[in-house]
Amino acid sequence: MIFDDPWPENELETLGACPVCQSSDRTVLLDGLHDMAFRVAPGRWTMWRCGGCKAAYLDPRPAAAFIVKAYERYYTHGESEAFRLDPPGRLDTRTRIITGIRNSWLNRRYGAKLPWALPFGWLLAGLFAGRQRRVEQVIRHLPPTKGQKRILLDAGCGSGDFLRMAGQLGYQAMGLDFDAEAVARGKAAGLDIRQGSLPGTGLAPGSVDYITVSHVLEHLHDPVGTLKELYGLLKPGGCLWITQPNLSALGLREFGVAWRGLEPPRHLTLFEPAGLITLLTGLGFERVSLYDAVPQAEFYYRQSRAQQLGQDPYQPGPTPGWSPEWDAKVAAADAAAAQDSRLSEALTISAWKPA
């Protein structure tokens, strides 16, 4: 098996201390981790829990110059049809009604011109509060532009699917990604995407109104340096939106080393909600808050269950080892997160730069 081969020692870096707060006070959180998700990265890994800021991090870890080979089979540059605001093709009656209500609400809120909008459907949106929260999560809680020019940066944008969505809602959207192939695809689709790294965007300070960082921060070798730079890129009164796997997730307690949110060695640093809120506040952000959780346990639990049984979580067909008992666990996890979003599988936080 690929993970039985060691990662080349000359391509590793050893930290000895937390990459977030530099504390050397730490304990082993999980040991013997390996690439269960995409099964391309050699090596076994140790995740440490910082005794200071409570973040978790890999040490040793692949050096930045060599980690690219852990991404040979990666999925971030596609888009689920379920998340399109303008679904192509014919829609069945149920989907047309749901889409019509959603797009009517979005058109009214953002002044957009999305197709399939049901006339006065926005009046019914309040009857579907759970679905509306999921839509808000998909559009990354973007505030309405109110007819003003608002610049959005999606840091780690892949080939730019969210940029198109933000543009439909009135934003002047641009993206940044290190993957040259993804950048080329996005540009070919007419999107404003630049190739670059985090930190090191090369963008002008104080030039952006809204920054989204979706499942990116955990991949970065310098998360604090990145957050500092993103703070500088924001205009006064601008907002940073972050989502990533949650170190306090119930799924981590359930599955341990097989939890899908770990994804070694691509995920280098993970936070619990309180730790990330404290970090952002210390960097100067205000109104730092955790959003209410949306149902998301099914993805994490199904993939974690497959990994727990040593199976490829992306293989087609039924989830290995799945049963009605696991459906009940998913429902219980989502119910618990609805009561306390600190327990959700992924955390979503917004933080504002002082006006």
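Computed from a predicted model, the values in this text were never measured in an experiment.

**Student:** What's the story with the side chain of asparagine 103 in this structure? I'm lost.
**Tutor:** Here asparagine 103 shows up in helix α1 (residues 93-110). Apart from residues lying up to four places away in sequence, asparagine 103 is in contact with Leu85, Leu114, Pro115, Trp116 and Ala117.

**Student:** Where do I start with a nonpolar patch on the surface in this structure?
**Tutor:** On the surface, Leu118, Phe120, Leu123, Leu124, Leu127 and Phe128 cluster together into a nonpolar patch covering about 620 Å² of accessible area. One can find phenylalanine 128 in the loop between α1 and α2 (129-138). Since its relative accessible area comes to 41%, phenylalanine 128 is described here as partly exposed.

**Student:** Would you mind showing me how to read the confidence of the model for the chain here?
**Tutor:** One rule of thumb: low pLDDT means the predicted coordinates there are not for detailed reading. For the chain, the mean per-residue pLDDT works out to 92, and 97% of the residues sit at or above 70. Note that residues 77-82 has pLDDT below 50 and, in this model, 13 contacts with residues that lie over four places away or in other chains.

**Student:** It is not clear to me how unusual backbone geometry should be interpreted in this structure. Could you clarify?
**Tutor:** As a rule of thumb, non-glycine residues mostly have phi less than zero, and peptide bonds are mostly trans rather than cis. Omega for the peptide link from aspartate 59 to proline 60 comes to -5 degrees, which places this bond in the cis form. Looking at the element boundaries, proline 60 is found in the loop between β4 (56-58) and β5 (61-62). Of the consecutive residues leucine 198 and proline 199, the connecting peptide bond is found in the cis state with omega at -10 degrees. One can find proline 199 in the loop between β8 (192-195) and β9 (208-214). Phi at lysine 54 is positive, roughly 70 degrees, even though this residue is not glycine. Position of lysine 54 among the secondary structure elements: in the loop between β3 (45-50) and β4. Using a relative accessible area of 36% as the deciding quantity, one classes lysine 54 as partly exposed. Residue arginine 140 is not a glycine yet carries a positive backbone phi of 60 degrees. In this fold, arginine 140 is placed in the loop between α2 and β6 (151-155).

**Student:** So what exactly am I meant to see when it comes to helix α5 (residues 223-233) here?
**Tutor:** Structurally, the α-helix is built with 3.6 residues per turn, so residues lying three or four positions apart point the same way. All buried positions along α5 are accounted for by Pro223, Val224, Gly225, Thr226, Leu227, Leu230 and Leu233. Buried-residue contacts for α5 involve β6, β9, β10 (234-245), β11 (269-270) and α7 (273-282).

**Student:** Would you mind going over the sheet that holds β6 with me for this structure?
**Tutor:** Read from one edge of the open sheet, seven strands run β8-β7-β6-β9-β10-β13-β12, paired in mixed fashion. In this open sheet, the two strands that pair with only one neighbour each are β8 and β12 (286-290). Between one strand and the next, the sheet's axes are offset by a mean angle of 15 degrees, whatever the strand orientation.

**Student:** Is there a simple way to think about the sheet that holds β11 in this case?
**Tutor:** Whether parallel or antiparallel, the strands of a sheet pair through hydrogen bonds between backbone atoms. The strand order across the open sheet formed by four strands is β2-β3-β4-β11, and the pairing between neighbours is antiparallel. The two strands at the open ends of the sheet, each matched to only one other strand, are β2 (26-33) and β11. Direction of pairing for β4 relative to β11: antiparallel, over a ladder of two bridges. Opposite tyrosine 57, over in β11, you have threonine 269 as the bridge partner.

**Student:** Sorry, what's going on with the packing of aromatic side chains here?
**Tutor:** Pairs of aromatic rings are described using the distance from one ring centre to the other and the angle between the two planes. Inspection of every chain in the model, using the stated rule, returns 10 aromatic pairs. Ring plane angle 90 degrees and centroid distance 4.9 Å describe the contact between tyrosine 231 and phenylalanine 285, whose orientation is recorded as edge-to-face. Remark: phenylalanine 285 occurs in the loop between α7 and β12 and tyrosine 231 occurs in helix α5; sequence separation between them is 54 residues. Three or more aromatic residues link up through ring pairs in this structure, and these residues are Phe255, Tyr301, Trp322 and Trp326. Here lysine 353 stacks its cationic end above the ring of tyrosine 231, 4.9 Å away from the centre of that ring.

**Student:** I keep staring at the pairing of β3 and nothing clicks. Help me out?
**Tutor:** For a regular strand, the rule is simple: side chains alternate between the two faces of the sheet. For β3, the buried fraction is high: five of the six residues fall into the buried class. The pairing of β2 with β3 spans five bridges and is antiparallel. Looking at β3, one finds that leucine 33 is bridged to tryptophan 45. With three bridges connecting them, β3 and β4 associate as antiparallel partners. Residue arginine 49 lies in a different strand from β4, and its bridge partner there is alanine 56. Taking the residues between adjacent antiparallel strands as the criterion, β3 and β4 are bridged by five residues, where lysine 54 takes a positive phi near 70 degrees.

**Student:** So what exactly am I meant to see when it comes to the pattern of salt bridges here?
**Tutor:** Close approach of charged atoms allows side chains with opposite charge to pair. This structure, assessed with the given rule, holds 16 salt bridges. A salt bridge links aspartate 154 to arginine 140; the nearest nitrogen and oxygen atoms lie 2.9 Å apart. Here aspartate 154 is found in strand β6, whereas its partner arginine 140 is found in the loop between α2 and β6, with 14 residues between them in sequence. Among the residues examined, arginine 140 registers a relative accessible area of 13% and is labelled buried. The partner of glutamate 263 in a salt bridge is arginine 266, and the shortest N-O contact between them spans 2.7 Å.

**Student:** So what exactly am I meant to see when it comes to the packing of α1 against α2 here?
**Tutor:** The packing of two helices is summarised by the inter-axis angle and the distance between the axes. Two elements in contact, α1 and α2, have axes separated by 12 Å at closest approach and are oriented at 65 degrees. For the pair α1 and α2, the crossing hand works out as right-handed. Contacts between α1 and α2 involve Arg94, Ile98, Arg102, Trp105 and Leu106 from the former and Arg131, Gln132, Val135 and Glu136 from the latter. When the residues that make up the contact of α1 with α2 are grouped by side-chain class, the tally is four nonpolar, one polar and four charged.

Analysis parameters
Residues numbered from 1 in each chain as written. Predicted model: local features only at pLDDT ≥ 70, side-chain atom pairs only at ≥ 80, totals over all residues. Heavy atoms only, no water. Helix = DSSP H or I, 4+ residues; strand = E, 2+ residues; numbered from the N terminus. Contact = heavy atoms within 4.5 Å. Patch = residues over 30% accessible without salt bridge, like charges linked within 9 Å, V, L, I, M, F, W, Y side chains within 5 Å. Areas by Shrake-Rupley, 256 points an atom, 1.4 Å probe, with all protein chains shown as cover. Salt bridge = Lys/Arg side-chain N within 4 Å of Asp/Glu carboxyl O. Buried < 20%, exposed > 50% of the residue type's maximum accessible area, 1.4 Å probe, protein only. pLDDT = per-residue confidence, 0-100. Pairing = 2+ DSSP bridges. Axes fitted to C-alpha atoms, helices over the stretch in contact; angles between N-to-C directions. Phe/Tyr/Trp six-rings, centres within 6.5 Å; stacked < 30°, edge-to-face > 60°. Lys NZ or Arg CZ within 6 Å of the ring centre and 35° of its normal. Left-handed = near helix turned anticlockwise from the far one by under 90°. Nonpolar A, V, L, I, M, F, W, Y, C, P; charged D, E, K, R; others polar.

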